[in-house]
Amino acid sequence: MSKTPHYASYVQILKEELIPAMGCTEPIAVALAAAKAREALGLTPERCRVEVSGNIIKNVKAVTVPNTGGMKGLEGSAAAGIAAGRADLDLEVLSQVTDEGRAAIRKCLEECAITVVPAGGDRVFYIKITVEAQGHSACCEIVDFHTNIVLLQRDDQVLFQAAASEDSEGSQTDRSVLNVEEIIQFADCLDTADVAEVLRRQIACNSAISEEGLKGGWGAEVGKTLRAAHGDSVAVRAKAAAAAGSDARMSGCEMPVIIVSGSGNQGMTASLPVIEYARDMGVSEDQLLRALAVSNLITIHQKTGIGRLSAFCGATSAGCGAACGIAYLRGGRYDVIAHTIVNTLAICSGMVCDGAKPSCAAKIAAAVDAGLLGYQMYAGGGHQFVNGEGILKENVEATIASVGRLARQGMRQTDQEILDIMVGR
């Protein structure tokens with residue numbers, strides 16, 4: 001079978017997106033910036049200034065930072081990066097913290113004056129960490145996505161600088177080439193060897209943390225509760241698997257996940273239900289890898305218009321993506337998958353993001369449930385929501401664009417109100 005027009009770009013997008021992270025990615029990005037700034041300073045910081053956008057504040061406030069002994073918040077994230085972070089490990093910056101490192105983090109919180117300052121401007125994703133000691137200073141600035149360092153400076157010496165354009169993700173492969181029809185064609189013609197490494201890593205890492213979450217003792221035990229309350233059907237297992245991974249991750253589990261669209265929760269939601277259905281169906285690894293390519297790419301396609309962070313819950317996009325991967329496993333192609341997307345977005349496009357926290361696991365379960373319903377409606381009887389009903393448009397691409405507009409533009413004020421409520425303003 002001949003390759004699709006953007007085959008190489010689709011492969012590269014998967015490689016760029018499906019990367020490991022330990023812990024919720026916003027506090028981890030703060031820790032990464034702090035570790036980079038500390039490394040540039042070359043001294044033990046006496047003061048630290050944490051300047052971040054509202055969405056970073058929202059997503060760091062209530063989530064446990066891994067390998068810190070249960071710390072939460074921006075101060076704990078920054079202190080962890082300063083005292084024990086490995087700046088060379090990107091989003092696994094806190095993966096090597098030892099007991100001595102945890103003691104150093106506590107000491108840093110006691111001895112380093114850490115100040116948090118809301119960033120000005122309209123940039124949704126912004127982190128700048130400045131550290132000072134002995135008359136010297138150093139800073140690290142990250143914008144637009146979690147590893148996009150645009151400035152590293154010590155005193156007046158710029159050690160590294162990149163253009164911080166309005167869309168720094170332009171440095172990555174162009175996501176505008178994504179569309180539902182070609183995503184399905186890409187999966188059909190995919191040489192799975194081209195993406196086997198990243199997809200196998202996604203299966204292994206995300207399955208492992210899900211299994212840990214199902215043991216219980218993490219967060220509100222949403223995954224475990226689903227299994228106990230609703231039985232052992234594949235649909236229940238699919239929802240529970242994704243929720244359990246979030247149970248563990250949001251509560252500080254020190255296991256890596258493979259993220260999608262900068263989010264571990266989305267990475268688990270896009271993959272674990274598909275993996276569960278594949279196991280239930282007894283399909284080959286080749287079929288599973290193709291279905292995961294569909295799920296991940298459709299999730300990324302939706303998030304391209306929405307943006308990395310917004311008031312629109314990313315689980316919605318990933319639950320929709322997972323349903324499309326399941327539809328693909330079951331033989332569905334463009335017609336079924338397009339209607340699955342539209343139906344799902346009609347059901348749960350109103351779910352808001354009020355930060356990273358244990359209840360994300362329940363939102364994930366709801367999003368996967370909506371995706372499965374959206375698929376079953378059409379596959380089981382040709383039922384569909386149609387153009388003109390709410391924000392739905394004449395076809396799947398127009399509907400995805402409509403949701404992107406709602407999330408990126410329409411929910412800006414919602415995002416600010418959520419933040420104001422969270423911080424008591």
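As a starting point, this report considers the structure included with it. (Residues numbered from 1 in each chain as written. Predicted model: local features only at pLDDT ≥ 70, side-chain atom pairs only at ≥ 80, totals over all residues. Heavy atoms only, no water.)

What follows covers the nonpolar core. Core analysis: the largest hydrophobic core is formed by 129 residues, its most contacted members being I127, I129, I337 and I341. Ranked by residue count, the leading element in this core is helix α2 (residues 25–41), at eleven residues. Non-local contacts of I129, meaning those with residues more than four positions away in its chain, are made with V30, A33, A34, A37, C48, R49, V50, A138, C139 and C140. One finds V222, L226, A243 and A361 within the second-largest nonpolar core, a separate group that totals six residues. (Core = buried A, V, L, I, M, F, W, Y, C linked by side-chain atoms within 4.5 Å. Buried < 20%, exposed > 50% of the residue type's maximum accessible area, 1.4 Å probe, protein only. Helix = DSSP H or I, 4+ residues; strand = E, 2+ residues; numbered from the N terminus. Contact = heavy atoms within 4.5 Å.)

Counted residue by residue, strand β6 (residues 149–154) has five buried out of six residues, so it is predominantly covered. Strand direction decides the pairing type here: strand β5 (residues 136–143) and β6, joined by five bridges, are antiparallel. Residue pairing for β6: A138 is matched across the bridge by R154. Here β5 hands over to β6 after five residues, with D144 in that stretch at a positive phi of 70°. (Pairing = 2+ DSSP bridges.)

Applying the stated rule across the entire model yields 21 salt bridges. The salt bridge partner of K58 is D415, with a shortest N-O separation of 2.6 Å. Here K58 is found in helix α3 (residues 54–60), whereas its partner D415 is found in helix α16 (residues 412–423), with 357 residues between them in sequence. Connected via shared salt-bridge partners are E16, E17, R175 and R308. (Salt bridge = Lys/Arg side-chain N within 4 Å of Asp/Glu carboxyl O.)

On to the packing of aromatic side chains. One pass over the structure, following the stated rule, counts two aromatic pairs. On the basis of an interplanar angle of 50° and a centroid distance of 5.2 Å, the ring pair of Y7 and F186 is categorised as tilted. Residue Y7 is located in helix α1 (residues 7–17), and its partner F186 is located in helix α6 (residues 180–189); the two are separated by 179 residues in the primary sequence. For the pair shown, Y7 and F186 are each scored as buried. (Phe/Tyr/Trp six-rings, centres within 6.5 Å; stacked < 30°, edge-to-face > 60°.)

On to the sheet that holds strand β2 (residues 47–52). Here we have six strands laid out as an open sheet, ordered β3-β2-β4-β5-β6-β7, and mixed in their pairing. Of all strands in the sheet, those with a lone pairing partner are β3 (113–118) and β7 (157–161), marking the two edges. When strand polarity is set aside, the average angle formed by the axes of neighbouring strands in this sheet is 10°. Where β6 and β7 come together, four bridges link them in antiparallel fashion. In the strand pairing of β7, L152 is matched with F160. Helix-sheet contacts for helix α4 (residues 73–84) involve β2, β3 and β4 (126–133), and the interaxial angle to β2 is about 125°. (Axes fitted to C-alpha atoms, helices over the stretch in contact; angles between N-to-C directions.)

Here β2 pairs with β3 via six bridges, running parallel. Bridged to C48 within β3 is I114. Sheet analysis places β2 next to β4, joined by six bridges and oriented antiparallel. Of the residues in β4, the one forming a bridge with R47 is E132.

A few words on the side chain of K303. Tracing the backbone shows K303 in helix α11 (residues 285–306). Despite being buried, K303 has no salt bridge partner; E26 is the closest side chain of opposite charge, sitting 8.9 Å away. Excluding residues that lie within four positions of it along the chain, K303 makes contacts with S261, Q266, R308, G314 and S317. (Lys, Arg positive; Asp, Glu negative; His and termini not counted.)

This part covers helix α9 (residues 234–250). With 17 residues, α9 should reach 24 Å at 1.5 Å per residue; the first-to-last C-alpha distance of 24 Å fits that figure. Summarising burial for α9: 16 of the 17 residues are buried, a large majority. Following α9 by one or two positions, G252 has its phi on the positive side, about 95°. (Expected span 1.5 Å × (residues − 1).)

This part takes up the layout of surface pockets. By volume, the largest pocket amounts to about 1300 Å³. Along the walls of the largest pocket sit 46 residues, with D122, R123, V124, F125 and L309 positioned nearest its centre. Counting residues per element, the ones that place at least two in the lining of the largest pocket are β2, α3, α11, α15 (396–410) and α16. The element best represented in the lining of the largest pocket is α16, accounting for five residues. Classifying every residue of the lining of the largest pocket gives 15 nonpolar, 14 polar and 17 charged. Within this model, the second largest pocket holds a volume of roughly 200 Å³. If you trace the second largest pocket, you find it lined by R38, T44, P45, E46, I82, A83, A104, K107, C108, E111 and C112. Taken together, the elements giving at least two residues each to the lining of the second largest pocket come down to α4 and α5 (99–111). (1 Å grid on protein atoms, 1.4 Å probe; cavity = no way out; pocket = protein on both sides within 12 Å on 5 of 7 lines; lining within 4 Å. Points joined across faces, edges and corners; volume = space filled by probe spheres on them. Nonpolar A, V, L, I, M, F, W, Y, C, P; charged D, E, K, R; others polar.)

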